[in-house]
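# Residue-level structure breakdown
Here are the chains, one letter per residue:
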Amino acid sequence: MLDQYIDLLNQGEIVAFPTETVYGLGADAWNPAAIQKVFAQKGRPADNPLIVHVSSVSMAEEFTGQFSKDALKLMEQFWPGPLTLIFSKKPEVLDLITAGLQTVAIRWPRHQLAQNLISQAGPLVAPSANTSGKPSPTKADHVKEDFGSDFPVIEGGDTDIGLESTVLDISRTPYSIYRPGAISAGEIEHVIGKKTQQNPPSTDTTAKSPGTKYTHYAPKATVRWLSSNEEADNLQTLYLFHSENISSAEKNKVCYNGNYKRLAHELYDRFRQADHKGYASIAIEPLPENLENPLIPALANRIQKAVSQ
Ligand code: TXA
Ligand code: MG
């Protein structure tokens, strides 16, 4: 089933594939012409570096030198899984991947199709498989919506998590989380016994993690946080509630009843659906401060980015 896609990748073509976070747009990480196609297909600025996807620790070693003790602990605990680690890069890693930085981002995805693909086709660079500025794809149909119905996509159903991986820079201390995801700061700190730093997108992080300065995740509908005193009665607005004990039979109100996993799983599809259905805006109940559940900071980060557009 994967053979035709492996052939395409070997020929320097690009292929979208499922991961446990979102669909990725893959290209051979050692083929500059293929990587150029990724930037062109997405309309992605050349100064936004890409994540290299691997299916073993030895494959990661093609891109970075000796692993520190902390790196080994993190890889042991969280790979394969939704954690991207930023390492110092080997000199031969293509500048196209790293946008000229001295570091390289690497992730070993957990999704079985992704692992099978990478173990046969070799390491793949893979940004999310959406047009730049659109919400990341969590279904094969989202990829086709952005890239056309003939675009080669490996069908893997809905992605499990629905939000992109946690990005952690361990190339310098203190370690920094550039993007929150399903693996939390607390879980990371527990494994390495050290504090991490949380970098909000508006600080000097832009120089270190260029992707944080670009628009992301936004549908055409205006996204905003619901005010506490607001009547949720505008038919042009899609309302998303997450707290428990709120329910509604109205079709423009979706209630998650404390199920943040489901909200994360569906968020980007809700954004896209809101546009298809012609909603003018999406109003989302403000999230609680809860650092116990890693999905809450990750959701808050993605929604806030959409709100800021
Ligand atoms: O879950 C994910 O990570 C998905 C799936 C497909 O694996 N991929 C993904 O890739 O979200 P992308 O390109 O949409 O986001 C990668 C983020 C960007 O914000 C980029 O700036 C940052 O990682 N990044 C990549 N290399 C970096 C580096 N060397 N230093 C700092 N940030 C880096
Ligand atoms: Mg992306």
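Above: the structure in question.
Numbers given to residues run from 1 along each chain, matching the order in which its sequence is written. Written order determines the labels here, with chains lettered from A and ligands numbered from 1. Thresholds applied to this predicted model are a pLDDT of at least 70 for local features of residues and 80 or more for the giving and counting of side-chain atom pairs; totals over whole chains, interfaces and linings are not thresholded and use all residues. Values shown for side chains rest on all heavy atoms present in the structure; no hydrogens or waters enter the calculation.

Per the convention used, a helix needs a DSSP run of H or I reaching at least four residues, while a strand needs a run of E reaching at least two, with both numbered from the N terminus. To estimate the expected span of a helix, subtract one from its residue number and multiply by 1.5 Å. The end-to-end C-alpha separation of helix H11 (residues 295–307) is 18 Å, in line with the 18 Å expected for 13 residues at 1.5 Å each. A simple rule labels every residue: compare its accessible area, found with a 1.4 Å probe on the protein chains alone, to the largest value its type can have, and call it buried under 20%, exposed over 50%, or partly exposed in between. Residues of H11 that are buried include every one of Leu295, Ile296, Ala298, Leu299, Asn301, Arg302, Ile303, Lys305 and Ala306, and no others.

Note on geometry: axes are lines fitted to C-alpha atoms, helical ones only across the stretch in contact, with angles between N-to-C directions running from 0 to 180 degrees. One can describe the packing of helix H4 (residues 69–78) onto helix H8 (residues 185–192) by two numbers: an axis separation of 9 Å at closest approach and a directional angle of 125 degrees. Here H4 lies oblique to H8, going by the angle between them. In terms of crossing hand, the pair formed by H4 and H8 is right-handed. Mapping the contact onto sequence places Asp70, Lys73, Leu74, Gln77 and Phe78 in H4 and Glu187, Ile188, Val191 and Ile192 in H8. Within the contact of H4 with H8, the residues separate by chemical class into 5 nonpolar, 1 polar and 3 charged. For classification purposes, an angle smaller than 35 degrees is called roughly parallel, one larger than 145 roughly antiparallel, one from 65 to 115 roughly perpendicular, and anything else oblique. Throughout, a crossing is termed right-handed when the near helix is turned clockwise from the far one, and left-handed when it is turned anticlockwise from it by less than a right angle. We call two residues contacting when some pair of their heavy atoms lies within 4.5 Å. Any residue that is not Ala, Val, Leu, Ile, Met, Phe, Trp, Tyr, Cys, Pro, Asp, Glu, Lys or Arg is counted as polar, Gly included; the first ten are nonpolar and the last four charged.

A word on H8. Residues lying three or four places apart along an α-helix face the same way, a consequence of the helix completing one turn every 3.6 residues. Ile188, Glu189, Val191 and Ile192 are the residues of H8 that are buried. Projected onto a plane normal to the axis of H8, the buried residues spread over an arc of 160 degrees and lie on a single side. Check the buried side of H8 and you find it contacts H4, strand S4 (83–88), strand S7 (166–169) and strand S8 (176–179). Note on H8: the residue one or two positions beyond its end, Gly193, has a positive phi of about 65 degrees. An arc is given here, and it is the one of the directions from the helix axis to the C-beta atoms.

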